[in-house]
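A look at the structure
Listed below, chain by chain, are the residues.
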Amino acid sequence: MLRREINDLLTQTGPKTPMGEMFRQYWMPALLAEELAEDDCPQVRIKLLSERLVAFRDSEGRYGLIDEFCAHRGASLWFGRVEEGGIRCAYHGWKFDVTGQCVEVPSEADNSSFCANVKLRSYPLVKLGDMLWTYMGDPATIPPLPQWEFALVPPEQTYSSKRWQQSNWLQAFEGGIDSSHVTFLHSGGLKSDPLFRGAKGNEYNLHDTKPFFEVVDAEGGLFVGARRNAEEGKYYWRITPWIMPNFTMVPPRGDHPIHGHFWVPIDDENCWAYSFDYHPVRALTTDERQAMIDGHGVHSENIPGTYRPVANMDNDYLMDREAQRRGDYYSGIKGIAIQDSSLQESMGPIVDRTKERLVPADSGIIKARQKLRKAVLALRDEGVTPPGVDPAHHHVRSAAVVLDAKEAFLDSCRDAVRVVPGTPVASV
Amino acid sequence: MPGPLTYPPTTQVPPARTLASCARAATAAELAYRIDVPIAPSRGVRVVALDDGAAAMTARVAAREWVSARFLVADATGAGDDPADMLLHGIGGPSAGLEEHLVDADVVMMIASNDSAATGAYLLGYACWQRSIMTAGLVLDGLAAPEVVAALRPHARVLLPAADESDIVEMLIALRA
């Protein structure tokens, strides 16, 4: 249960809201790099943190993320022309560069200084790995670029996708640190998904449906350890890191690539689920990459030309009751990602957390909400930079290990949950 | 390759012709039709301090307003290996044996601050496990108290080895205690 005012505090991310101000402290995925694949390619309009923007790549390969609407009459620049070092409004030809600076007003004299005083709001847009990242906060306090391992390994070792989720970011994110649902909702996928199946750890997952949890503070957020019985005197631990505010990783399975998510607010009723897979020591195989493109693992099969999943609320997520009966999919929905999104979207655009009935096993979620609330208020009231802004906090991995029953998971896994470039993940 | 059509609609109003029940059911408007009756508070939460340091903090938490949570301090001296011999002193309530306090409990939060609580932690955790009572273990400085962390681990469904007072409060609120 969460009090209504705290639910509002954590779910509202628009400009001038406390949570929105906190999100604006971080570099955040804004687009996939494939969306602006070449110079002067078609622009993309996006909404982030309830702000409508247009992203483009100019003739010299510079990325721009600016106010969607022309300073002149408010027409959308999505209709404009990306050409000759800027984006030109289709209505009257006003032209803006990647910083939002107006560089040409055709109706004015050639030597007019008019446009020098016209500038649209703009945010930096930087390519790192497969994603384009933006920072929407005060330019005076822009942090160093992020250092997530998935974005720093060579291109052949990483793959990213995204999908539109029709819910508030918080209920999507909370699924990312809720390890106890895996045994039920994703049980079919553990047996069949090409990016999950075959791992020894899956057997522990499926044989012990009542995990125990340990929740431990990390510099940037939390580590949530889920413990299941393994062989006599041993426990199987799945360790999920959360780095504030919206980065989570899924514990690995065997030698499969390791994966995770960013949950980025579009507005208060929609979010982007950015999903990544990478392997720290080898290239992804052709089959692995194709499986990701096909929507297996944490990825989704999207409607061509969009980032909306093929299975969505408008077609009841292609519910298959026969497959549910057979046990192929516990909920009758195909695919790990859509199994999650279907249930999270069913809660409504912003779930009413005053009506929850939580249990101790939800402590990861309880603790995460507490840390978010404290950080939001510390920023608002005292100007304290929140955890997760410092790139040093990004050097985390998830892990899946079998430990002696007497061992504390974090004591035994400090190296396993820390990025050491070029070393394999700890995985069972 | 996905093109530029990546911009979602600004509202979740489904297309007028959709027959999909999920699209209609997941709108904000439909939320108004959810059954709206008060959710009963948890009736069986016990917060048990296992040592003096934990008792002081538990007493502060107990001073706040709660629906039904019962706050206790465990006394394992003389319990030996049998949890049934543990005595639980009520903070603002009666003292009684373990059985009496656990008979209608559904969640037990065990609070510890040092290794002196290890025996009590194990015994109480075991007693709860025998009775299928959900348990949480919160250790106020787990790094300095590895024995009590180890004693809680076998039975505590959730373990927070570096908890503070706010963790106790937040968990109680979340549990509707």
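What this report covers is the structure whose coordinates are included nearby. (Residues numbered from 1 in each chain as written. Chains lettered and ligands numbered in written order. Predicted model: local features only at pLDDT ≥ 70, side-chain atom pairs only at ≥ 80, totals over all residues.)

**Topic: the overall build of chain B**
Scanning chain B from N- to C-terminus turns up seven helices and seven strands. When the helices and strands of chain B are placed in sequence order, the string is α-α-β-α-β-β-β-α-β-α-β-α-β-α. Of all 177 residues assigned to chain B, the portion counted as buried reaches 44%. A separation of at least 24 residues holds for 65% of the contacts in chain B among residues at least 6 apart in sequence. (Helix = DSSP H or I, 4+ residues; strand = E, 2+ residues; numbered from the N terminus. Buried ≥ 20, exposed ≤ 12 C-beta atoms within 10 Å, placed from the backbone. Contact = placed C-beta atoms within 7 Å.)

**Overview of the interface of chain B and chain A**
Each partner contributes residues to the interface: chain B has 41 residues there, and chain A has 47 residues. Elements represented by at least two residues in the side of chain B that touches chain A include exactly α1 (21–25), α2 (28–31), β6 (134–139), α6 (146–152), β7 (158–160) and α7 (165–174) of chain B. The biggest single contributor to the side of chain B that touches chain A is α7(B), with six residues. Partitioned by chemical class, the residues of the side of chain B that touches chain A number 30 nonpolar, seven polar and four charged. Where strand β13 (residues 212–217) of chain A meets β7(B), two bridges bridge the pair, whose relative direction is parallel. The partner of F213(A) across the bridge, within β7(B), is V158(B). (Nonpolar A, V, L, I, M, F, W, Y, C, P; charged D, E, K, R; others polar. Pairing = 2+ DSSP bridges.)

**Remarks on the sheet that holds strand β6 (residues 86–88) of chain A**
Residues and elements named next belong to chain A. On the basis of which strands lie adjacent, the open sheet formed by four strands has the order β5-β6-β7-β8 and antiparallel pairing. Looking at the sheet topology across the chains shown, the edges are occupied by β5 (81–83) and β8 (102–104). Note that β5 and β6 share three bridges and pair antiparallel. Opposite R81, over in β6, you have R88 as the bridge partner.

**Concerning unusual backbone geometry**
Glycine aside, negative phi is the norm for most residues, and most peptide bonds take the trans geometry. Residues and elements named next belong to chain A. The residue after M244, namely P245, is reached through a cis peptide bond having omega 0 degrees. Its place among the elements puts P245 in the loop between β15 (234–243) and β16 (247–250). Within the chain, D40 stands out as a residue other than glycine whose phi angle is a positive 60 degrees. With respect to the helices and strands, D40 occurs in the loop between β1 (27–32) and β2 (44–48). Judged by the 19 C-beta atoms lying within 10 Å of it, D40 is partly exposed.

**Remarks on the sheet that holds strand β11 (residues 131–135) of chain A**
All names here are of chain A. The strand order across the open sheet formed by three strands is β1-β11-β10, and the pairing between neighbours is antiparallel. Either end of the sheet is taken by a strand with one partner, and the two such strands are β1 and β10 (125–128). This sheet shows a mean twist of 40 degrees between the axes of neighbouring strands, independent of strand direction. Relative to β11, β10 is paired through four bridges, and the arrangement is antiparallel. Residue pairing in the sheet places V126 in a bridge with W133 of β11. (Axes fitted to C-alpha atoms, helices over the stretch in contact; angles between N-to-C directions.)

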